[in-house]
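For reference, the chains in residue letters:
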Amino acid sequence: MRLLWAFAALALSTAPLTAEGVPAEVTASLARLDADAAKLSSGIRVRVQLDAAQTLAERFSDLAHKYAASALSELKSQAQIDSDPALLFALASVAPQETMALLPHMKPGADSVF
């Protein structure tokens with residue numbers, strides 16, 4: 001599930017830049033994303049954060065790492081992590097080493113996904 005507003009925000013490459021070199025529209029869109037994601041359940045919030053990380057990865061790697069780290073933190077706070085292949089592949093695409101470090105925290109048999 002990709003967020004259409006994220007693609008539109010990233011397409012605005014000629015927009016005025018913030019101090020970090022990120023277009024102001026992207027920063028504003030991400031602020032809305034953060035506010036909306038805070039209202040979601042943990043599982044859905046992790047998926048939204050990973051969608052954001054994947055969307056941002058090519059052009060704004062620092063922001064992508066921020067969202068990947070947030071998703072990782074959320075996952076690590078769970079007693080045992082589900083072995084949802086789509087979730088794990090999305091995480092591995094933006095944070096491969098960190099994803100492998102999650103293996104000890106996963107439910108038994110979840111490593112078969114890898």
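The shown structure was predicted, so the numbers you read here are calculated from the model rather than taken from an experiment. (Residues numbered from 1 in each chain as written. Predicted model: local features only at pLDDT ≥ 70, side-chain atom pairs only at ≥ 80, totals over all residues. Heavy atoms only, no water.)

Caption draft 1: Main features of the side chain of Gln-49. Secondary-structure assignment places Gln-49 in helix 3 (residues 42-56). In this view, Gln-49 contacts Tyr-67, Ser-70 and Ala-71; residues no more than four positions away in its chain are not counted. (Helix = DSSP H or I, 4+ residues; strand = E, 2+ residues; numbered from the N terminus. Contact = heavy atoms within 4.5 Å.)

Caption draft 2: Representation of the environment of Ala-69 within the structure. Tracing the chain through its elements places Ala-69 in helix 4 (residues 61-76). The exposure class assigned to Ala-69 is partly exposed, which follows from its relative accessible area of 42%. Linking Ala-69 and Ala-95, residues 26 residues apart in sequence, is a C-alpha distance of 8.3 Å. (Buried < 20%, exposed > 50% of the residue type's maximum accessible area, 1.4 Å probe, protein only.)

Caption draft 3: Region of interest: the pattern of salt bridges. Summed over the entire model, instances satisfying the criterion amount to 2 salt bridges. Of the charged contacts in the structure, one is a salt bridge between Asp-34 and Lys-66, with a shortest N-O distance of 3.5 Å. Remark: Lys-66 occurs in helix 4 and Asp-34 occurs in helix 2 (residues 24-37); sequence separation between them is 32 residues. Exposure remark for Lys-66: the relative accessible area of 43% places this residue in the partly exposed category. One salt bridge connects Glu-74 with Arg-45, and the closest N-O pair in it is separated by 3.0 Å. (Salt bridge = Lys/Arg side-chain N within 4 Å of Asp/Glu carboxyl O.)

Scope: geometric values only; no functional claims are made or implied.
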